[in-house]
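Each chain is listed here by its residues.
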Amino acid sequence: MNLIGLDREPRSGALRLDGLTKRFAARGESVVAVDGVSLDIAPGEFITLLGPSGCGKTTTLRIVAGFERATAGGVYLDGVRIDAVPPQQRSMAMVFQSYALFPHMTVYENIAYGLRLRDHTKAEIAEAVKIALTSMNLVGKEHRHPHELAGGEQQRVALARAMVVQPKVLLFDEPLSNLDAKLRGAMRAEIRRAQHMLGITGLYVTHDQEEAMSMSDRIVVMHRGRIAQIGTPAEIYLRPASVFVADFIGRANFLEVPAEPDRGHAIVTAFGKKMAVPSHPDVTAHDTALLMIRPEVLSVAHASREGEGVILNRTFHGASVDYEIETAGGTVTAAVPAPHPAVLLTEGTPVTVTFAPDRAYVLPRR
Amino acid sequence: MTAPPRRRGDLGVRAALLAVVALVAVGCVYPLINVLAEALSPSALPRYAEFVTSPVDLAILRNTIVLGLLVGTCGTAIGLLFAFVQTRLAVPGKRVLHLIALLPMISPPFAVATATVALYGRRGLVTYGIFGTEYDIYGLDGLVMVLSLSFFPVSYLGLLGMMRALDPAMEEAAMNLGAGRRRIFRTLILPLLAPGVVAPFLLLFIEAIADLANPLVVGGDYTVLASRAYLAVTGEYDTTSAAIYSLILLIPSIGLYLVQRRWLARKTRITITGKPSGSVHLIRGWGRWPVFTLAVLIALVIVSLYGTVLAGAFIRAFNVDFSLTLNHMRVALLGAEGREAVADTTLLAAIATPIAGLAGLTVAWLVVRHLGRAAGWLDFAATLGVAVPGTVLGIGYVLAYRDDIEVAGVTVLPGLVGGGALAGGSLAIILAYVVRSLPAGLRTATGALAQIHPHVEEASTDLGARPLQTFRRVTLPLIRPALLTGLSYSFARCMTSVSTIVFLVTPDTKIITSQILSAAGQGHYGVAFAYCTLLSLVVLLSLGLIRLVVGGSILTRQEGRL
Amino acid sequence: MVSRAKRGALILTVMLLAGACDAKAGDTAGVTIACGGQEQWCSVMTSHFTKATGIPADFVRLSSGEALARIKAGRNKPEFDVWHGGPADAYVAAAAQKLLAPYRSPNAAEIKPEWKDPAGAWTGVYVGVLAFCNNTEVLAGKRMTPIRSWRELTDPRLRSNVAIAHPTTSGTGYTALWSHVELNGGAKDAALGYMRRLHPNVLQYNKTGSSAAQQAATGEVAVGIVFAHDCVAVHEEGYTNLHVSYPEEGTGYEVGGVAVVAGARNSTGARKYVDWALTAEAQELGPTARVYSLPTNPRARIGNKLRDMSKVKRVDYDIAEAGAEKIALSRRFDIEIARAPKQ
């Protein structure tokens, strides 16, 4: 399937980052923004760079786009090293956080801008822009100026403008951060759909883990300029590579426990029960490890007498309820599907806490 | 942009409005009415018929407009060139270039034009001495050169601010859609700057056609209305003709002003919301060198001109006898008149500058934020100060304020002008300074205010601040750099304005520029140059002082954020 | 029309200024002069007047037109008592508008009748002679010597090398034009005919008279047509390449005036000033301020530097008629000569 009908060849690029490093000199000090980032992205894959602000994700993206030069390492597109290629010849298109729409041009002119730089006839351009407008649900707005559009529409124009030139790689720099929550959800689907349809390789920067989870084929979690983990959303969520990743992605309870490794598992004792829990390979014998349990994995039940814990606090979310429970191992949070109001547990209630061992994970302490 | 809510009813706004309206009325409108009454008196009416049928007069009108358009274009282009080099090229010495581009803010009358002739005239040190050509600089070409170089800093500063405010992500977007440098400049930067180019163009146009000192020196046979009006007074003793020429001179100014307002109103642009991102990509390719070279050449010309002024103050006779002398300086600095002139001018300019700066800011604030339809009129009335030839304004002052103004037999306002007037006539001089330098501050402040989103001020209002409090606590600090530029500009203008002042100097108040005028008029060019050097020195020192008082720096990147 | 706030600001400013200016608050016993001469000349004149009479005097330097415009605009409340220096035609114009108070000074009796107003509105204090301001270097480059006659000035070798002011805007320019009317026995066509022949040699018609001297000094032109004292002044500045010469056919001149301003606050002092300005000793002061024009008082001694000038052949210059014809003749010049292309 082809969005713009100008080029029948499917275009998507294999992107490889090899040991990218970027040092800035700031006030005489050298700051390492990106530190040896290596990454292989398959054609058509959608990858998210995720991390807290200042982790180097945007810098990495800008190096790929060609706006920054790496201090060391290289960027390869389809096996060709492109470090020295100026941005305008890189066959990539970026969607900016500020959209960077050209305020003096209409929607049509904005979208056509990139096409006019290539050798296309007027008719071809009109055709391509028309398809882009249709697919982005912008028909009827082509003669408006950007400031006459709503936020979501501006975003769609920015997207259309980038995609219509059929780049080999689409780059996204937190493009949804200026939209409200509802629109953001819709736009995620929109971006994903378009990217899939065109089969363009996507590199997406965000600090919003939910966004990363819902959109990506693979997520690259970055921390202090380095890659903390690369994996599918499920891997990242269920089998985080470190405490940082576990903590950054979603919510997690950590219980400090002695652990005995046993064929990919570790034998731990939690809430008074001994069990075998899947374990990180770095967990060694006679070690104190961290048992990670996501709040939704915990089950809570009213204890007739003495239980494993007592409810400290309750937060109602509508679809679910959060209980903060004081246990012998520490305070944990459990998120359970909201029951009938009559069965809501109240503060001070003694409870039993249980969980399925294979849904938890044991991590080394460091 | 959605119209900001009007708060005309507020007491503070009303008081501010009253104050500036009074200032503009007293300083500009009323004196002009006095002169124009003469230009519109029944006996003067046949002159208009004469004007439109006289080929000589029509040629003068055409010359004036052509000059204004050319200077507007060239001055804006030079400003754009320097702003572009400053913000987009990876080249050495940008700071020096910046300083040189600001130098013409201090342009004493006659100095630049005279230096131009000395260097680039038929026997010019450069044109004849180095290149051996007898280039005839007198006429339109020389005028455009001198005026463009004298007035371009205003467009430079404006465009510098705008180019720094452009979201670099926009250029990056174009870049990774495949656009090259030149294309980005043509399809993005230029159109985006267009509204910003219009204001300096207008100011350049108005200043160029109202300037009289330069046409006198390098105009040659090329006659324009402003100098014609001046000469009607000085050569023909005919103030009525002068008033008529001035009235006609106002027509292109007003016309262009109205066109600009309409055009801008239709083309309002809002930067799309969202955090500006990306970083500026300096041009590093070979393509930067021709552009840079052009800027450096122009900078060299500027330096050569000011260097000549400085050198001329210490050289016995430029181009003939290059031996050093301190005589000129001695006359300017130690002569009774000279010493008094330096002291008086500095004092009066120092008093006028804060008033002008604040007034410009207030008018801008009222125009941009608080007035609807009336805004245009206030804006225009405040711009009149430069739109009319100083000579005419000067005569207006004498007509309007020489006598005591009495209402019902009670003296409301004692005579302000001339010997025996209040404070030795210095009040009128201050008033003239304020009115003549107000427009520059007004323009920079308008530009700065337009860039502050009304939300910022609305937030303050929302928290309970009255408009005046908002202005003082929120707006003022935000546009401080613009205020600084406005003040510096005002001071420089005060110190260098001449044509109005010659009608207001009294035995008690001597003004440097009028000393320059008489020295130059009598061929004492060394002394004139010495005065110019002193004047520039005072201005430079004062700019430093303003910088200390207001904070921030005129010499750093800050003032670009207009 | 002045808001209270504004008035408050004014009063405040006045108070601020009072500190700076109270030492020089206006005095009424002294004489205030609108001075049309050079700064230094004005300064010498006023100080010597005070020395001679004990009356304090102060001046503002103004070009003739500025002085006239200012005296006219302030006629209801004159700020000047005396107007001294500057060409008589401005005084004629002022007298016509009744801006001058006629005063026949006893010292005026000795002055030639054509150098003073018959009604006593103004009296001549010096005579400036129209001359050629030659740049000897430029001329030498053309194998020429300083110009001696109007005829020689039309030499084709001087193409675009003569500077002269436009008669519409400059008294100097008009004096030159009228000189040719007088040289041709009153024939204006003949005068314009000469200007037409001169036209190819004229670089440009300057706006002001004295700039021609400056242009000659810097070599922009070979010859400037200016009043002799303008050329001498630039020469004194260090431009030793200049040489003053006079046309042998005869040349025009201007008379500098002095007058009492109508309604002067201190008319007694003003008259005393006029009396003094007409004395031989006052008129001998010029050269001490480097102003080299001829005195009108026949008893004034003529220094070495002025000797040549005093022997120059002068045309019979009719100031009154020249003034009357000025607008019409200047306009003819503008249309017939100045706008003609230079072949």
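Residues numbered from 1 in each chain as written. Chains lettered and ligands numbered in written order. Predicted model: local features only at pLDDT ≥ 70, side-chain atom pairs only at ≥ 80, totals over all residues. Heavy atoms only, no water.

> Sorry if this is basic, but what is going on with the state of the cysteines here?
Working definition: the covalent bond between the sulfur atoms of two cysteines is a disulfide. Residue and element names in this part refer to chain C. By the definition in use, this model includes 2 disulfides over all chains. Bridging Cys35 to Cys42, the disulfide has an S-S length of 2.0 Å. With the S-S dihedral at roughly -85°, the linkage between Cys35 and Cys42 falls on the left-handed side. You'll find Cys35 and Cys42 in the same group, each marked buried. Here Cys133 pairs with Cys231 through a disulfide, and the sulfurs are 2.0 Å apart. (Disulfide = S-S within 2.5 Å. Buried < 20%, exposed > 50% of the residue type's maximum accessible area, 1.4 Å probe, protein only.)

> Help me understand the interface of chain B and chain A, please; the structure alone is not making it clear to me.
Each partner contributes to the interface: chain B provides 30 residues, whereas chain A provides 30 residues. Summing both sides of the interface, chain B and chain A together bury roughly 2,500 Å²; the carbon and sulfur share of this comes to 62%. Inspection of the chain B/chain A interface yields 1 salt bridge. Arg62 of chain A is paired through a salt bridge with Glu172 of chain B; the nearest N and O atoms lie 2.5 Å apart. Between chain B and chain A we count 5 residue pairs in polar contact (both at pLDDT 80 or more) in total. Sort the elements by how many residues they give to the side of chain B that touches chain A and helix α8 (residues 168-176) of chain B lands first, with 7 residues. (Contact = heavy atoms within 4.5 Å. Buried area = accessible area lost by both parts, 1.4 Å probe. Salt bridge = Lys/Arg side-chain N within 4 Å of Asp/Glu carboxyl O. Polar contact = N/O pair within 3.5 Å; in protein donor to acceptor, adjacent residues only side chain to side chain. Helix = DSSP H or I, 4+ residues; strand = E, 2+ residues; numbered from the N terminus.)

> Can you help me understand the side chain of His180 of chain C in this one?
All names here are of chain C. Note that His180 resides in helix α7 (residues 171-183). For His180, a relative accessible area of 3% corresponds to the buried category. Among all residues touching His180, those that are not within four sequence positions of it are Trp150, Ala191, Tyr194 and Met195.

> Please explain the pairing of strand β2 (residues 321-324) of chain B as it appears in this structure.
When a strand is regular, its side chains alternate between the sheet's two faces. All names here are of chain B. Both strand β1 (residues 315-317) and β2 contribute to a ladder of 2 bridges, which runs antiparallel. If you follow Ala317 over to β2, its bridge partner there is Asp321. Here β1 folds back onto β2, and the loop between the two strands holds 3 residues, one of which, Asn319, carries a positive phi near 75°. (Pairing = 2+ DSSP bridges.)

> Help me understand the pattern of salt bridges, please; the structure alone is not making it clear to me.
Two side chains bearing opposite charge may form a pair once their charged atoms approach each other closely. Residue and element names in this part refer to chain A. A full pass over the atoms with the stated rule returns 28 salt bridges over all chains. Among the salt bridges present, the one from Arg188 reaches Glu211, with a minimum N-O distance of 3.9 Å. Taken as a pair, Arg188 in helix α5 (residues 181-198) and Glu211 in helix α6 (residues 209-215) lie far apart in primary sequence, 23 residues in all. You'll find Arg188 and Glu211 in the same group, each marked buried. In this structure, Arg192 and Asp217 form a salt bridge, with 2.7 Å as the shortest nitrogen-oxygen distance. Separated by 25 residues along the polypeptide, Arg192 in helix α5 and Asp217 in the loop between α6 and β9 (218-223) bring together distant segments of the chain. Several salt bridges share partner residues, and in doing so they unite Arg184, Arg188, Asp208, Glu210 and Glu211 into one network.

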